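Survey of secondary and tertiary structure
Here are the chains, one letter per residue:
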Amino acid sequence: MKRTILIVDDQPEIVELLSLYLEKENHRILEAFDGREALQIIQSENIDLMLVDLMMPYINGYQLIKKVRQDLHIPIIIISAKNDDNDKILGLGLGADDFISKPFNPLEVIARVQAQLRRSYSYKKEAVTPSETPQLKVGDIVLDENSFSVIKGDATVTLTKIEYRILELLMSSPGRVYTKQQIFERAWDDYYMGGEEDNTINVHISKLREKLEENPKKPTYIKTIRGLGYKFVDQK
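Under an unreviewed UniProt entry, the protein has the name Response regulator transcription factor and belongs to Bacillus timonensis.

Spatially, 4 strands are ordered β6-β7-β8-β9 in an open sheet, and the strand pairing comes out antiparallel. The sheet terminates laterally at β6 (135-138) and β9 (155-157), the two strands that pair on one side only. Ignoring which end each strand starts from, the neighbouring axes of this sheet average 25° apart. Two elements, β6 and strand β7 (residues 141-144), share 4 bridges in a ladder whose sense is antiparallel. Within β7, the residue paired with valine 138 across the bridge is isoleucine 141. Along the sheet, helix α6 (residues 161-172) contacts β6, β7 and β8 (149-152); its crossing angle with β7, the most-contacted strand, is approximately 115°.

Ranked by size, the top nonpolar core spans 28 residues in total, and within it Val150, Ile166, Leu167, Leu170, Ile222 and Phe232 carry the most contacts. Top contributing element to this core by residue count: α6, with 7 residues. Excluding residues that lie within four positions of it along the chain, isoleucine 222 makes contacts with Leu170, Ile205, Leu208, Arg209, Leu212, Glu213, Tyr230, Lys231 and Phe232. Counting residues in each nonpolar core, the second largest holds 24 residues, with Ala32, Val52, Tyr62 and Leu92 among its members.

Moving on to the domain arrangement of the protein. Domain parsing of the protein yields domain 1 (3-123) and domain 2 (135-232). Between the C-alpha centres of domain 1 and domain 2 there is a distance of 25 Å. Taken together, the contact between domain 1 and domain 2 spans 13 residues of the former and 15 residues of the latter. For the pairing of domain 1 and domain 2, the buried interface totals around 1,400 Å² over both sides, and the portion due to carbon and sulfur atoms is 55%. Joining domain 1 to domain 2, the criterion identifies 1 salt bridge. Note that lysine 88 and glutamate 196 form a salt bridge whose closest N and O atoms lie 3.4 Å from each other. In this structure, the connection of domain 1 to domain 2 is made through 2 residue pairs in polar contact (both at pLDDT 80 or more). Those elements giving two or more residues to the side of domain 1 that touches domain 2 turn out to be α4 (85-93) and α5 (106-127). When grouped by side-chain class, the residues that make up the side of domain 1 that touches domain 2 number 6 nonpolar, 4 polar and 3 charged.

A few words now on the side chain of aspartate 9. Position of aspartate 9 relative to the elements: it lies in the loop between β1 (4-8) and α1 (12-24). At 2.8 Å, the side chain of aspartate 9 and the backbone nitrogen of glutamine 11 are in polar contact.

Reading the values: the criteria
Residues numbered from 1 in each chain as written. Predicted model: local features only at pLDDT ≥ 70, side-chain atom pairs only at ≥ 80, totals over all residues. Heavy atoms only, no water. Pairing = 2+ DSSP bridges. Helix = DSSP H or I, 4+ residues; strand = E, 2+ residues; numbered from the N terminus. Axes fitted to C-alpha atoms, helices over the stretch in contact; angles between N-to-C directions. Contact = heavy atoms within 4.5 Å. Core = buried A, V, L, I, M, F, W, Y, C linked by side-chain atoms within 4.5 Å. Buried < 20%, exposed > 50% of the residue type's maximum accessible area, 1.4 Å probe, protein only. Domains from an automatic or database assignment. Buried area = accessible area lost by both parts, 1.4 Å probe. Salt bridge = Lys/Arg side-chain N within 4 Å of Asp/Glu carboxyl O. Polar contact = N/O pair within 3.5 Å; in protein donor to acceptor, adjacent residues only side chain to side chain. Nonpolar A, V, L, I, M, F, W, Y, C, P; charged D, E, K, R; others polar.

In C-alpha cells form, the structure reads like this:
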C-alpha cells in the first residue's frame, strides 16, 4: 500500500536522496525545506509518516514536532546531525518515535521507515477491533482499549502512541516486572539492542510518570526494579 511521507530538511541534497530511496519503495513523497512549509503541507495533506531535521529556519524541528503532536499521532523520525544524548532525549520527549544520526545509511532509513509504518498500521487496525477486555483498571487509572484513552480519576490523560503501548503492557499484569527488552519490543515492535534503546525507554517512562504520578520523583504506580525493569503497582 502506498503511503505518504513528508520529508522536512533544509538541505536539498538530503531531501533528494531520501526521496529517491523512498520512491523506490512505492511511497508518495512530499517535500518541505523548513518547518513553516511543513505545517502548511500537513494542513492540506494526509501524512502517514514524517522525517524531520532539527536545525531549520523559521520553525525548527523541535517546534515542528511539538506543533504536530498537538493534533496528530503519525510516526515521526528525526534525522539530524545534532546527535548529542540531550538532543535525542529532547526530541523523543517531545513525541518523536525514532532518531537517526547524520550521516546516515539510506537503507537503514528505509528499514526504520518501514518498521514505523508497520507499527502504525497495526495500531490503527487494533483501534477498530473490539477487545474482549475493553478496559484495564488499576487504582484510579483506567485504560480503555477500544477508545485508546486513559483516564485518571475524572481527568483524561493524553498519551503518545508509544506511551500508551508501554502503559498498556504494564497495566495488563499489575505487579509483574517487565524487562526493558520486553517493553521495547512490545512498544516499538523492534529488536532490542540495549544502550540507546535503554535511554529511549527511560525518557518515555519519565514522561508517563509526569502524566500519571502525583510526585513523578517518588512514583507510586510505575516502579523501577533496579537491574531488571519496571512494574505497575496496584494502589490497594
